[in-house]
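Report on the structure
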Amino acid sequence: MVSDPYLGKYTTCVSARSTDKEILQKAQDGGIATTLMVYALEQGIIDGAIVAGKGDRPWQPRPFIAMSREDILKARGTKYNISPQISLLKEATRSFGLDKVGITGVCCQMQAVRKAQLYPVNMRDVPGKIALAVGLFCMENFPYKSMQCIVEDHAGQSLHSVKKMEIGKGKYWIYTERGNVVTLPLKVTHKYEQPGCHVCLDYVSNLGDISTGSVGSPDGWSTVFVRTKVGNDVWSKAVASGMFETKPIEGVKPGLELVTKLAKEKIDKNRATVEGRKTFGVNKALRDPYA
Amino acid sequence: MGLLNSIKKTIGGEAKPAGVATEKKVEAKKEAKPVANKIKLGHVHLSGCTGCLVSVADNYLGLIKILDDYADLVYCLTLADVRHIPEMDVALVEGSVCIQDHESVEEIKETRKKSKVVVALGSCASYGNITRFARGGQHNQPQHESFLPIGNLIDVDVYIPGCPPSPELIRNVAVMAYLLLQGNADQKALAGKYLKPLMALAKRGTTACFCDLMNDVINQGLCMGCGTCAASCPVRAITHEFGKPQGQRDLCIKCGSCYGACPRSFFNFDVIPEFEGISEIIAGALK
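Computed from a prediction, not measured in an experiment: that's the story for all the values here.

Cut-off values and rules
Residues numbered from 1 in each chain as written. Chains lettered and ligands numbered in written order. Predicted model: local features only at pLDDT ≥ 70, side-chain atom pairs only at ≥ 80, totals over all residues. Heavy atoms only, no water. Helix = DSSP H or I, 4+ residues; strand = E, 2+ residues; numbered from the N terminus. Rg over C-alpha atoms; globule rule 2.2 N^0.38 Å. Buried < 20%, exposed > 50% of the residue type's maximum accessible area, 1.4 Å probe, protein only. Contact = heavy atoms within 4.5 Å. Lys, Arg positive; Asp, Glu negative; His and termini not counted. Charge placed at Lys NZ, Arg CZ, Asp CG, Glu CD. Buried area = accessible area lost by both parts, 1.4 Å probe. Salt bridge = Lys/Arg side-chain N within 4 Å of Asp/Glu carboxyl O. Polar contact = N/O pair within 3.5 Å; in protein donor to acceptor, adjacent residues only side chain to side chain. Nonpolar A, V, L, I, M, F, W, Y, C, P; charged D, E, K, R; others polar. Phe/Tyr/Trp six-rings, centres within 6.5 Å; stacked < 30°, edge-to-face > 60°. Lys NZ or Arg CZ within 6 Å of the ring centre and 35° of its normal. Core = buried A, V, L, I, M, F, W, Y, C linked by side-chain atoms within 4.5 Å. Pairing = 2+ DSSP bridges. Axes fitted to C-alpha atoms, helices over the stretch in contact; angles between N-to-C directions. Expected span 1.5 Å × (residues − 1). Arc of directions from axis to C-beta. Domains from an automatic or database assignment. pLDDT = per-residue confidence, 0-100.

Next up on the list: the overall build of chain A. Secondary structure assignment for chain A yields nine helices and 13 strands. Taken over the C-alpha trace, chain A has a radius of gyration of 19 Å; the compact-globule value for 291 residues is 19 Å, and the two agree within 12%. By its C-alpha atoms, chain A is 55 × 50 × 40 Å across when sized along the principal axes. Taking all 291 residues of chain A together, 56% fall into the buried category. Excluding contacts between residues fewer than 6 apart, the proportion of contacts in chain A whose partners are at least 24 apart in sequence is 65%. Counting 40 positive and 29 negative side-chain charges, chain A places the averaged centre of each group 3 Å from the other.

In this complex, chain B contributes 58 residues to the contact, which on the side of chain A involves 48 residues. Counting each side, the surface lost to burial between chain B and chain A is near 4,400 Å², with a carbon and sulfur contribution of 58%. On the chain B side of the interface with chain A, the three residues burying the most area are B:Phe242, B:Arg264 and B:Phe275, jointly 17% of the side's total. Taking the shortest distance from any N to any O, the salt bridge between B:Glu274 and A:Lys9 comes out at 3.1 Å. Viewed at the interface, chain A and chain B are joined by 31 residue pairs in polar contact (both at pLDDT 80 or more). Among the elements that make up the side of chain B that touches chain A, the one with the highest residue count is helix 12 (residues 275-285) of chain B (five residues). Grouping the constituent residues of the side of chain B that touches chain A by class yields 31 nonpolar, 17 polar and ten charged.

Going through the model one piece at a time under the given rule, you end up with 14 aromatic pairs over all chains. Relative to A:Tyr203, the ring of A:Phe137 has its centre 6.1 Å away and its plane inclined at 40°; by these criteria the two rings are tilted. Remark: A:Tyr203 occurs in the loop between helix 7 (186-189) and strand 11 (210-213) and A:Phe137 occurs in the loop between strand 7 (130-136) and helix 6 (144-154); sequence separation between them is 66 residues. The same class applies to A:Phe137 as to A:Tyr203, namely buried. What links up through ring pairs into an aromatic cluster is the set A:Tyr10, A:Phe137, A:Tyr203 and A:Phe225. We note A:Lys115 situated over the ring of B:Phe266; from NZ or CZ to the ring centre the distance is 3.5 Å. We note B:Arg204 situated over the ring of B:Tyr259; from NZ or CZ to the ring centre the distance is 3.9 Å.

Okay, the nonpolar core next. Counting 111 residues, the largest nonpolar core has B:Ile150, B:Met176, B:Tyr194, B:Leu198 and B:Leu213 as the members making the most contacts within it. If sequence neighbours within four positions are ignored, B:Tyr194 has contacts with A:Leu118, A:Tyr119, B:Leu169, B:Asn172, B:Val173, B:Met176 and B:Val271.

Residues and elements named next belong to chain A. Taken in spatial order, the three strands make up an open sheet running 8-9-10, and their pairing is antiparallel. Each having just a single partner strand, strand 8 (162-168) and strand 10 (181-185) make up the two edges of the open sheet. The sheet shows a mean angle of 15° between the axes of neighbouring strands, direction not considered.

For side chains of opposite charge, pairing can occur when their charged atoms come near one another. Scanning the model with the defined rule gives 26 salt bridges over all chains in all. Across the pair A:Lys100 and A:Asp47 runs a salt bridge, and its minimum N-O distance is 4.0 Å. Here A:Asp47 lies in the loop between helix 2 (32-42) and strand 4 (48-54) and A:Lys100 lies in the loop between helix 4 (89-94) and strand 6 (101-106), a separation of 53 residues in the sequence. Residue class for A:Asp47 comes out partly exposed when judged on its relative accessible area of 27%. Two residues, B:Asp81 and B:Arg83, come together in a salt bridge whose shortest N-O distance is 3.7 Å. Note on accessibility: B:Asp81 and B:Arg83 belong to one class, exposed. Because the salt bridges share partners, they merge into one network encompassing A:Asp20, A:Glu22 and A:Arg69.

With that out of the way, let us pick up helix 9 (residues 255-276) of chain A. Residue and element names in this part refer to chain A. Taking 1.5 Å of rise per residue, 22 residues should cover 32 Å, and helix 9 covers 32 Å from first to last C-alpha, within 8% of that figure. Regarding helix 9, the residues found buried are Gly 255, Val 259, Leu 262, Ala 263, Lys 266, Ile 267, Asn 270 and Val 274. Projection of helix 9 onto a plane perpendicular to its axis shows the buried side chains occupying an angular sector of 120°, all on one side. On its buried face, helix 9 is in contact with strand 12 (222-226).

Turning our eyes to something else, we now look at the pairing of strand 8 of chain A. All names here are of chain A. In the sheet, strand 8 pairs with strand 9 (residues 171-176) via six bridges, with the strands oriented antiparallel. Bridge assignment links Gly 168 to a residue of strand 9, and that residue is Lys 171. Adjacent in sequence and paired antiparallel, strand 8 and strand 9 are bridged by two residues, among which Lys 169 carries a positive phi angle near 55°.

Residue and element names in this part refer to chain A. Along its twelve residues, helix 8 (residues 229-240) runs 16 Å from first to last C-alpha, staying within 8% of the 16 Å computed at 1.5 Å per residue. Within the sequence span of helix 8, burial applies to Gly 231, Val 234, Trp 235 and Ala 238. All buried residues of helix 8 project into a common sector of 95° when viewed along the axis, lining one side. Across from the buried face of helix 8, at angles greater than 90 degrees, the exposed residues are Lys 229 and Ala 240. Contacts from the buried residues of helix 8 go to strand 3 (12-18), helix 2, strand 7, strand 11, strand 12 and strand 13 (244-248). Phi turns positive one or two residues past the end of helix 8, at Gly 242, with a value near 80°.

For the rest of this paragraph, the subject is the sheet that holds strand 3 of chain A. All names here are of chain A. Here we have eight strands laid out as an open sheet, ordered 5-4-6-7-11-12-3-13, and mixed in their pairing. Two strands close off the open sheet at either side, each with one partner strand: strand 5 (61-66) and strand 13. The average undirected angle you get between the axes of adjacent strands in this sheet is 30°. With six bridges joining them, strand 4 and strand 5 adopt antiparallel strand pairing. Its bridge partner being in strand 5, Val 51 is matched across the sheet by Phe 64. Seen against the sheet, helix 5 (residues 107-118) touches strand 6 and strand 7 and runs at an angle of roughly 135° to strand 6.

Once that is clear, we can look at the domain arrangement of chain A. Residues and elements named next belong to chain A. Per the domain assignment, the segments making up chain A are domain 1 (2-141 + 198-278) and domain 2 (142-192). Here domain 1 and domain 2 have C-alpha centroids that lie 23 Å from each other. Taken together, the contact pairs 14 residues of domain 1 with 15 residues of domain 2. Area buried by domain 1 at its contact with domain 2 is led by Pro 58, Trp 59 and Tyr 80, which between them contribute 47% of it. At the surface where domain 1 touches domain 2, the tally comes to one salt bridge.

Residues and elements named next belong to chain B. Confidence in the prediction for chain B averages 91 pLDDT; 87% of positions are at 70 or higher. In this model, residues 12-33 is a region of pLDDT below 50 whose contacts with residues beyond four sequence positions or in other chains number 13 contacts. Here the predicted complex scores 0.94 on pTM and 0.96 on ipTM.

Written out as structure tokens, the structure is:
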């Protein structure tokens, strides 16, 4: 068990890619989250998974409870705006009657899951029924309208035409169906970030059973941290049954060094923000959520 | 983790032969010699619907285990044949206080006097909840119209918000209260850390509403649209528009669940990241 101040606790860290061609077609990187949920569902580890599906508008996510491989595949890819995943946490156990819930989400949503397990305020039937929580790396998120500003106003593309978006190599990348590739420097997108993200002290979903994201691994691959007993059990079974190809993280570029660097950047910056809130007004502080 | 492991050892969280053996011995001797260091637990029923007590009971075998090994139920109008409030270590108070009913007023004062720890069990005791909407006029005491959360009459130590509060949270608080009162130094430290945010809620005030999310989370620039509030709302008054909570305030029953559940109301980094170990400790204590 490694315990890192920025990367959290983990037992294993590898670079991995799904072996499922259909999942990889539309996956953001290595298709880890999708493949894990499909595997867990097919093996009966979970009865259903809360994933980010399609909302009413282009690129708007809406959380839904997927109970089949087809449904889970609908949630492939990163949306870069907010999907309130946890809103379905109790719904999944109470209305859908799931005994073993899978959930995917970003860092703050993993924190929410764990708080709901230890301090289940009006979260009856939730604590004992989280069977697998897969966390995603997350630097920050955008409100829907922010993402619209970035894509339509700054990049000049219609949201309807966008095939894929990603943040990497210091840029916001927009790929369209007809082959346009637009990049924006992140200094353009920073001001559109969701303010609530600026007090977040987690970059690589330290509280997931397994957490994953592109950073640290080559294109088309993902970095995977296995963190809990539950995570370890699912991950080792999935790898053993050939769901993933893996490489030791030490052998890939840019590797853990970059993950640590970005985690440190995010967390140190946000610690400073939390600190700065104490002297925000004239002898008046903004509220400290961690006090 | 060192701390968590040592705690597990002392209350038998990890499966280990020694722990099992002691448990069996206790089992065998139970009738002849009750477990010595049990705490005294009481349930005080004021103006509530008994939903909170049902939630206590919904721990099923967990409750039986708590009553076998950790706590004696010394007062509970529904389940124990005791007429007057006795000395208690932990009093779980359900319901708000009708200030026109002098017996209720006396009862809550006496509860405070005779209890080491007063827990507001559920949202009526904590925040008034649905009883805030009472206007009196009910047969056969139509003058009973003013209901206050217990924190308006006495000092309260711990809040367990929820309508009804979830059985799991009641269970966690019961185990932690036991560790706080009867545990070794490590266990006391853990229980203190665990209970701290629930004690802070008790200090924070006696009113609650969806507005708390607006005032203390959204307006403070802390909301990140995770969706927890919507899941915790017992009347489904909260939805998310463009990833942010919208409350139908006419539906809100003022239970305070959304604020208590929100990861940005409180999030203690010395407890929640240890979720795996602490869940094992609690499960181990109730095995």
